[in-house]
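Summary of structural features
Here are the chains, one letter per residue:
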Number of protein chains: 2
Amino acid sequence: MTGKQKAIIEAKANVLKALGHPTRLWMAEQLENGEKCVCELAEFIDADFSTISKHLSVLKQAGVVMDEKRGKQVYYKLKVPCILKYMSCVEAVIRAQAEERAVIL
Amino acid sequence: MTGKQKAIIEAKANVLKALGHPTRLWMAEQLENGEKCVCELAEFIDADFSTISKHLSVLKQAGVVMDEKRGKQVYYKLKVPCILKYMSCVEAVIRAQAEERAVIL
DNA sequence: TTGTTATTTGGTCATTTAACCAAGCATTTA
DNA sequence: TAAATGCTTGGTTAAATGACCAAATAACAA
């Protein structure tokens, strides 16, 4: 593998990793219907504000979202909306898993 | 959020997290063209065999791959091949990121 | 049966992650 | 200008992760 190929795979993995946390994935899904300010997201998350802010910064770092300050508030939106189109397949994965476990139990 | 919704988002995040490591993502991509035994994957990965084996078990746990022992070898394959269709979008994300950084630098 | 090959498992350790709290910084409101 | 609001940053800490080594297991070969 060349250095470039390695860098690409690392960047891709980083995007997946950013979405690989329940709170962050939930946030990204909320942004599917348009931008939201931090306070709107925070309303439904049971965690410290600083924790929420840090999760958003992980998503931003990875390139999943972008932010814009307007007045007192900061608005976040998806940068590349297709990122959530994937979820139908991810759901197929977990459905298969669930069925399998059901058989085992 | 109901307990079920929470469980679903956790399971989905778990799949993304499993793919969110360069080595594991690379492995999953290798399996796109059909099953491979551990030794075939290991050939190109500069890590201990035990490390490779553990990465595969993370992918298996998450439901991304399945394994089958045949003779002395264990073969792994994608369980739900669509899991990699996504990558075109992930690539769009990292391309956007790269362009942005290029502008900054 | 003994050895060899292919892979997994258990243990250890350094690093990273994610949570909280406290403090900091803009922006707006009083 | 002072106080309040909305969010981020820095510090701390416990838990999770990922790497390696050594040992275990399983299947085949000698």
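For every chain, the first residue of its written sequence is number 1, and the numbers climb from 1 along that sequence. Numbering of ligands from 1 and lettering of chains from A proceed in the order in which they are written. Two thresholds apply to this predicted model, a pLDDT of at least 70 for residue-level local features and 80 or more for giving and counting side-chain atom pairs, whereas whole-chain, interface and lining totals are computed over all residues. Excluded from the side-chain calculation are hydrogens and water; included are all heavy atoms of the structure.

**Description of the overall build of chain A**
Spelled out, the test is: Segments assigned H or I by DSSP are reported as helices when at least four residues long, segments assigned E as strands when at least two residues long, and all are numbered from the N terminus. Accessibility here uses a 1.4 Å probe with only protein chains present; expressed as a share of the type maximum, an area under 20% marks a residue as buried, one over 50% as exposed, and anything in between as partly exposed. Residues are treated as being in contact if the distance between any of their heavy atoms lies within 4.5 Å. Method for areas: the Shrake-Rupley scheme with a 1.4 Å probe, in which residue coverage is limited to the protein chains shown.
In terms of regular secondary structure, chain A is built from 5 helices and 3 strands. For chain A, the N- to C-terminal ordering of α and β elements is α-α-β-α-α-β-β-α. Sorting the 105 residues of chain A into buried and exposed places 40% on the buried side. Put simply, 49% of the contacts in chain A that link residues at least 6 apart link residues at least 24 apart. Carbon and sulfur atoms make up 53% of the accessible area of chain A, which totals about 6,000 Å².

**Section: the protein's contact with DNA strand D**
The cut-off we apply is this: Any residue with a non-hydrogen atom lying within 4 Å of a molecule or strand is treated as near it. N or O atoms closer than or at 3.5 Å make up a polar contact, with two conditions inside protein: a donor-capable atom paired with an acceptor-capable one, and, for residues adjacent in sequence, both atoms drawn from side chains. By the convention adopted, Pro, Cys, Tyr, Trp, Phe, Met, Ile, Leu, Val and Ala count as nonpolar, Lys, Arg, Asp and Glu as charged, and the other residues, Gly among them, as polar.
Close to DNA strand D lie 22 residues; A:Ser53, A:Lys54, B:Lys17, B:Ser50 and B:His55 are nearest. For DNA strand D, the fraction of atoms within 4 Å of the protein that belong to sugar or phosphate moieties is 65%. A distance of 3.3 Å is found between a phosphate oxygen of DNA strand D and a side-chain nitrogen or oxygen belonging to B:Arg24. Mapped onto the surface near DNA strand D, the elements with two or more residues apiece are helix H3 (38-42), helix H4 (49-62) and strand S3 (73-78) of chain A together with helix H4 (49-62) of chain B. Classifying every residue of the surface near DNA strand D gives 7 nonpolar, 8 polar and 7 charged.

**Considering the side chain of A:Arg24**
All names here are of chain A. Definition in use: Only four residue types enter the charge count: Lys and Arg as positive, Asp and Glu as negative, with His and the chain ends excluded. We define a salt bridge as a contact between a side-chain nitrogen of Lys or Arg and a carboxyl oxygen of Asp or Glu at a distance within 4 Å.
Along the chain, the position of Arg24 falls in helix H2 (residues 22-30). The side chain of Arg24 sits in the buried core without any salt bridge; Glu29 is the nearest counter-charge, 13 Å away. Only 2.6 Å separates the side chain of Arg24 from the backbone oxygen of Ala18, close enough to count as a polar contact. Among residues more than four places away in sequence, those in contact with Arg24 are Lys17, Ala18, His55, Val58 and Leu59.

**Considerations on the pairing of strand S2 (residues 65-70) of chain B**
Selection rule: For two strands to be treated as a pair, DSSP must find at least two bridges joining them.
Inspection of the sheet shows S2(B) paired to strand S3 (residues 73-78) of chain B by 6 bridges, in the antiparallel sense. By the bridge assignment, B:Asp67 is partnered in S3(B) with B:Tyr76.

**Looking at the environment of B:Gly34**
All names here are of chain B. Assignment of secondary structure puts Gly34 in the loop between helix H2 (22-30) and strand S1 (36-37). Gly34 gets classed as partly exposed once you look at its relative accessible area, which sits at 28%. A sequence separation of 22 residues divides Gly34 from Lys12, and the C-alpha atoms of the two residues are 24 Å apart.

**Concerning the state of the cysteines**
Residues and elements named next belong to chain B. Applied cut-off: Note that a disulfide, as used here, is simply two cysteine sulfur atoms within 2.5 Å.
The tally for this structure, following the rule as stated, stands at 2 disulfides over all chains. Covalently, Cys37 is tied to Cys39 through a disulfide, its sulfur atoms 2.5 Å apart. Residues Cys37 and Cys39 are joined by a disulfide whose S-S torsion is about -75°; by sign, that bridge is left-handed. The class of Cys37 is buried, set by a relative accessible area of 3%.

**A short note on the layout of surface pockets**
Heads up, the rule is: Both cavities and pockets are sets of points on a 1 Å grid over the protein atoms alone; in a cavity a 1.4 Å probe fits but cannot get out, in a pocket the set is open with protein on both sides within 12 Å along at least five of seven lines, and lining residues sit with an atom within 4 Å of a point. Grid points are joined across faces, edges and corners, and a volume is the space filled by probe spheres set on the points.
Estimates place the volume of the largest pocket at around 300 Å³. Together, 13 residues line the largest pocket, and A:Met1, B:Thr23, B:Phe44, B:Ile45 and B:Asp46 are the ones closest to its centre. Residue assignment for the lining of the largest pocket shows that the elements contributing at least two residues are helix H1 (3-19) of chain A together with H2 and H4 of chain B. When its residues are assigned to classes, the lining of the largest pocket shows 7 nonpolar, 3 polar and 3 charged.

**As for the protein's contact with DNA strand C**
Close to DNA strand C lie 23 residues, the nearest being A:Lys17, A:Ser50, A:His55, B:Ser53 and B:Tyr76. Counted by atom, the contact set of DNA strand C within 4 Å of the protein is 62% sugar and phosphate. In this structure, a base nitrogen belonging to DNA strand C sits 2.7 Å away from a side-chain N or O atom of A:Ser50. Taking B:Val38, its main chain carries an N or O atom lying 3.3 Å from a phosphate oxygen of DNA strand C. Counting only elements with at least two residues in the surface near DNA strand C, the list comes to H4 of chain A together with helix H3 (38-42), H4 and S3 of chain B. Residue composition of the surface near DNA strand C, by class: 7 nonpolar, 8 polar and 8 charged.

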